[in-house]
Amino acid sequence: MKITILGAGPGGYVAAIRAAQLGAEVTVIEESEVGGTCLNWGCIPTKTLIASAEVLHKVKNAHNYGLDLEGTASPDIQKIVERKNRVVGTQVKGIRALFKSWRVNLVEGRGRIEGPGKIRVAFKNGSSEDIHSDKIIIATGSRPAQIPGFSFDGLHILSSDHATNPAFIPRSLIIIGAGVIGCEFAFINNEFGADVTLVEMMPHAVSGEDDEISELLERELKKKKIKLLTNTSVEKAVVKGEGISVQLSDGNTLEAEQVLVSVGRTVNTKDIGLETAGVKTGQKGEIMVDSCMQTSVKDIYAVGDVTGGIMLAHLASREGIVAAENALGGNATVNYDVVPAAIFTSPEIGSVGLRERQAAAKGIKYKTGRFPYRALGKAHAMGEITGMFKIISEEGTDRILGAHIIGPHASDLVHEIAVAMEKGLSVRDIARTIHAHPTLAEGIMEAAEDVHGSAIHCLKR
Amino acid sequence: MYPDDVKYHKEHAWVKISGSKATIGITFYAQESLGDIVYVDAPEVESTVEAGTELTQIESTKATSSVICPLSGTILEFNEELIDSPEIINEDPYGKGWIAVIELEDKSEIGALMDADEYEKYLDEEVKLK
């Protein structure tokens, strides 16, 4: 069986390796760099920048830990970016090595579907090559969405791609969109010394998260003196000398050295031959797929951002595995009810399952349990006490419906609940499980206890 | 610990009246039970607040708690010193650690507040025994 995959991001490269593991002859076509947005302009670069920001924060606050440091600590953005490039480079090599080891054929050019089972690859030097296969998996991903009047120039108006590769730290930065990407860059740039203002159309920052998480994050923004304007949209931008001025929907004008536009992502479905192949797309150009990740055309699958759903690397990877297995005769599906998500703000956010408002909207009878990081000895020892754990469960069955964590290591901690949800466990199952002391994970156990009003380290209510 | 020139609210806030204005803070007992204060949220100046409702929130190393406004009025001023040095509340709860000044809406509400002796008695008999 020959399988060709368009795109080597976290959807495509994972699909390639699984297909190869199952015995297929696999070709991956990538016009840019393996690892896709995630590895080159997204997840990994931002986490690398955040690591630098976190060390800077710790050094600046060393006195709180009883350490005397001489001199001042300041970010050297060139060296920070060099470090980021080294990290990305290592990961890229890692994927290339995996391809070699599984005998996945990597073709570096731009692929376009030309007919059933036929993809033409155009190379940078002008030549081309036709690749024939039994099945195709489309994993072409997405790119930063543009808004009218804010064309990316990489100098005054940046996309998140630009922001992962900063040439300098702006004195002031306006970030349009206080979603996941906007908030991560807000904390990074603030720590590096920029004066940051977030402009958000919705009533809250990270409005996709549980309301209490948004509320707590908004306070942390305030503590860091990052300004947040909610219920506000932008009208236009005018370059003015060294900086840029942005006109807001409320009539006010903001000025800054740079503007970062992070208002979402657009699917990459143009000019990849979808019309030729007869693959159906939706209103935003996204590829429609069934629960097996198959498109409207037999033998063509699509995974990840290009399908227009939740744009998360790890979901794309799971979809890639499902598509690869199904293309090779399997019958796998994705469980969209249990998709953990991580936001690397300061503090971090980890979430899985239903938000409280979603549980209420569905008419589910639910209970909630909460526990503050402040009540954990480990959090005090670490000197990071801001945060909370929240668990939502179904009344009666006690089944866990969702969990929302904001605080240090929230992105790692949330997976305990993800496994519990995947296996249909109850809040009592979590509460009865011994959690090691002193750890942050104790907070999950206590929040589970709190669902039934029996958390040990909570004052009597 | 409980000066005579201010009035007390049962939710452990104090007010100092001066004409139509009132300065508000939290009591010695409140700051002591909260422990080290690490953050005071700035309330919106010019917004109105009703007696017995939340004026703002305070975070300490132990908890996040509401500061209850003893009287109704319009917030005129927030103590901006608290933004960078919230620990002033622990050090000087009735002086430099004041939280906000409000323009009073209804001076008759003052009658419902306690004086220092009444507040201390209330602490001994109702709060500390709980």
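The structure this text deals with has already been given above.
My aim in this report is to walk through the structure given alongside it, one point at a time. (Residues numbered from 1 in each chain as written. Chains lettered and ligands numbered in written order. Predicted model: local features only at pLDDT ≥ 70, side-chain atom pairs only at ≥ 80, totals over all residues.)

1. Here's the deal with the sheet that holds strand β9 (residues 157-158) of chain A
All names here are of chain A.
- Reading across the sheet, the five strands line up as β9-β16-β10-β11-β12 and stay open at both edges, with parallel pairing between neighbours. Strand pairing shows two members of the sheet lacking a second neighbour, β9 and β12 (227-229), which therefore form its edges.
- Two strands pair when backbone bridges link them, and strand β10 (residues 172-176) and strand β11 (residues 195-199) are joined in this way by five bridges, in the parallel orientation. Looking across to β11, one finds that Ile-175 is bridged to Leu-198.
- Its contacts with the sheet put helix α6 (residues 180-191) on β10, β11 and β16 (258-261), and the angle it makes with β11 is roughly 165°. (Pairing = 2+ DSSP bridges. Helix = DSSP H or I, 4+ residues; strand = E, 2+ residues; numbered from the N terminus. Contact = placed C-beta atoms within 7 Å. Axes fitted to C-alpha atoms, helices over the stretch in contact; angles between N-to-C directions.)

2. Some thoughts on the packing of helix α1 (residues 12-21) of chain A against helix α9 (residues 313-327) of chain A
Residues and elements named next belong to chain A.
- Taken N-terminus to C-terminus, the directions of α1 and α9 make an angle of 35°; their axes are 7 Å apart at the nearest point. Remark: the crossing between α1 and α9 carries right-handed chirality. On α9, the residues that touch Gly-12, Val-14, Ala-15, Arg-18 and Ala-19 of α1 are Ser-317, Gly-320, Ile-321, Ala-323, Ala-324, Glu-325 and Ala-327.
- Across the contact of α1 with α9, the residue classes tally to seven nonpolar, three polar and two charged. (Left-handed = near helix turned anticlockwise from the far one by under 90°. Nonpolar A, V, L, I, M, F, W, Y, C, P; charged D, E, K, R; others polar.)

3. Some details on the sheet that holds strand β22 (residues 388-394) of chain A
All names here are of chain A.
- Sheet architecture is open: five strands sit in the order β19-β20-β23-β22-β21, paired in antiparallel fashion. Looking at which strands have only one partner, the edges of the open sheet turn out to be β19 (341-343) and β21 (366-372). Here the average twist between neighbouring strands, direction ignored, is 15°.
- In this sheet, β22 lies alongside β21 in antiparallel orientation, the contact comprising seven bridges.

4. Section: the interface of chain B and chain A
- Facing five residues of chain B, the contacting portion of chain A comprises four residues.
- Taken together, the residues of the side of chain B that touches chain A break down into two nonpolar, one polar and two charged.

5. Quick notes on the pairing of strand β3 (residues 21-26) of chain B
Residues and elements named next belong to chain B.
- Judged from the six bridges that link them, strand β2 (residues 13-18) and β3 form a sheet pairing that is antiparallel. Note on β3: the bridge partner recorded for Trp-14 is Gly-25.
- The hairpin turn running from β2 into β3, its antiparallel successor, is two residues long, and Gly-19 in that turn takes a positive phi close to 65°.
- The pairing of β3 with strand β9 (residues 100-104) spans four bridges and is antiparallel. Paired with Thr-23 across the two strands is Val-101, which belongs to β9.

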